[in-house]
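Results of the structural survey
Chain by chain, the residues run as shown.
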Amino acid sequence: MAQAARSIPTTSSLAFDRSIDRSMRGTRTSDGAGVKLTRVVGTPLLRRLDPFLMLDEFRSDEPEDYLAGFPDHPHRGFETITYMIAGRFRHRDNRGNEGILAAGGAQWMTAGRGIVHSEMPEQEEGLVHGFQLWLNLPRKDKMCEPSYRDLQSEDIPRVTLPGGSVVRVLGGAVGDVTGPISGRATEPIYLDVELAPGGSAELAVPSGHEGFVYPFHGDVVVGPPGRERALARGELGVLTSGDGVRLRAKDAAARALVVAGKPLGEPIVQYGPFVMTTPEEVEQAVRDFQAGRF
Ligand code: FE2
């Protein structure tokens, strides 16, 4: 269902007082069958940001960087959210699901007790640009039934803020506009914020959530007056506590992800694509995968 951009009122009692606690750049690496990417969360500089386990940005117009794709591989115990800015990927899983992830769309995959899938580029040339975020599941939900949703660009509501900035709401809410990724204990917020030159956005991020801002086009200035901090493209800023965040573009347009979630505060034992709470659960995951029980 197509959704027109909506405007929301300016009145708010929030302070939007979060600023940047620390910032870091990602690390160039490769994953899958040799896809070159930048790992931004999940490196020694930022191992995790509970409830987030990993953030990868893949961005290349060199086919040799992405053609190998991510052939069949398993996951257990968490969720992945893949968001495409440009390019196309086809995904298939061992439960018979298949779909195309195209520019502006997202895939929300809940691995639960286990899934085996592939994620392969559906193009042989041109730009591929997107993100994959790993969101942890609480211990009680780690063995849930796997599920996934394909979200086309038109399934993701857009909100026009006062001043003309546009926010695509994948998860969480902006005003009374709620994104399709919802109904999780971690109450994830996943926003793509597009700022016009000189434009700004004030976004609610509930206190208690951990979160970050990641500019992927241009630079953004983050924080309340007096505590502003500029983030350059490709520089992730971890948010301090507060009830919301203010983003501002300088004299050039900018675009950034704003991602936040309620920390689980549970132990994390990870072995590659298996993320559980005890070593025994991870060993069980490896045995179940090897025995074809996913
Ligand atoms: Fe995967």
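Note: the structure precedes this text.
Turning next to the coordination of the iron ion. Every protein donor of the iron ion is accounted for by His73 (NE2), His75 (NE2), His117 (NE2) and Glu119 (OE), and the metal-donor separations fall at 2.1 to 2.5 Å. Coordination at the iron ion is irregular, judged from the four donor atoms that bind it and the angles of 82 to 177° they form at the metal. One chain supplies every donor to the iron ion, and in sequence these donors are spaced H-x1-H-x41-H-x1-E. One end of the pair, histidine 73, is in strand 6 (residues 70-75); the other, histidine 117, is in strand 11 (residues 115-121), with 44 residues separating them in the sequence. Judged by its relative accessible area of 2%, histidine 117 is buried.

Roughly 430 Å³ of internal volume is contained in the largest pocket. Lining the largest pocket are 25 residues, with Asp31, Phe70, His73, Gln132 and Trp134 sitting closest to its centre. Here the lining of the largest pocket takes six residues from strand 6, the largest share from any one element. Residues of the lining of the largest pocket, tallied by class, amount to ten nonpolar, nine polar and six charged.

Counting residues in each nonpolar core, the largest one holds 27 residues, and the members touching the most others are Tyr83, Phe131, Tyr190, Phe212 and Leu236. Looking at this core, the elements that each hand over two or more residues are strand 4 (35-41), strand 5 (52-60), strand 7 (78-86), strand 10 (106-110), strand 12 (128-136), strand 20 (210-217), strand 23 (235-239) and strand 25 (254-261). When residues no more than four places from it in sequence are discounted, the contact partners of leucine 236 are Arg22, Ser23, Met24, Val40, Val41, Leu46, Leu55, Phe212, Val213, Tyr214 and Leu231. With 26 residues, the next largest nonpolar core counts Ile189, Leu191, Val213 and Ala256 among its residues.

In this section: the sheet that holds strand 9 (residues 98-101). The four strands are arranged 6-11-8-9 in an open sheet whose pairing can be described as antiparallel. Looking at the sheet topology across the chains shown, the edges are occupied by strand 6 and strand 9. Pairs of neighbouring strands in the sheet enclose a mean axial angle of 20°, with direction left out of account. Of the strand pairs in this sheet, strand 6 and strand 11 are connected by four bridges, and their pairing is antiparallel. If you follow phenylalanine 70 over to strand 11, its bridge partner there is glutamate 119.

Once that is clear, we can look at helix 2 (residues 279-290). Taking 1.5 Å of rise per residue, the twelve residues of helix 2 would be expected to cover 16 Å, and the 17 Å separating its terminal C-alpha atoms lies within 8% of that figure. All of the buried residues in helix 2 are Val282, Ala285 and Asp288. Buried positions in helix 2, seen along its axis, are confined to an arc of 125° and lie on one side of it. Within helix 2, the exposed residues directed more than 90 degrees away from the buried face are Glu280 and Gln290. Packing partners of the buried residues in helix 2 comprise strand 26 (269-271) and strand 27 (274-276). Directly beyond the C-terminal end of helix 2, a positive phi value near 75° is found at glycine 292.

Quick notes on the rules
- Residues numbered from 1 in each chain as written.
- Predicted model: local features only at pLDDT ≥ 70, side-chain atom pairs only at ≥ 80, totals over all residues.
- Heavy atoms only, no water.
- Donors = N, O, S within 2.8 Å, 3.2 Å for Na, K, Ca; no water.
- Tetrahedral: all angles 85-135°; square planar, octahedral: opposite > 155°, others 65-115°.
- Helix = DSSP H or I, 4+ residues; strand = E, 2+ residues; numbered from the N terminus.
- Buried < 20%, exposed > 50% of the residue type's maximum accessible area, 1.4 Å probe, protein only.
- 1 Å grid on protein atoms, 1.4 Å probe; cavity = no way out; pocket = protein on both sides within 12 Å on 5 of 7 lines; lining within 4 Å.
- Points joined across faces, edges and corners; volume = space filled by probe spheres on them.
- Nonpolar A, V, L, I, M, F, W, Y, C, P; charged D, E, K, R; others polar.
- Core = buried A, V, L, I, M, F, W, Y, C linked by side-chain atoms within 4.5 Å.
- Contact = heavy atoms within 4.5 Å.
- Pairing = 2+ DSSP bridges.
- Axes fitted to C-alpha atoms, helices over the stretch in contact; angles between N-to-C directions.
- Expected span 1.5 Å × (residues − 1).
- Arc of directions from axis to C-beta.

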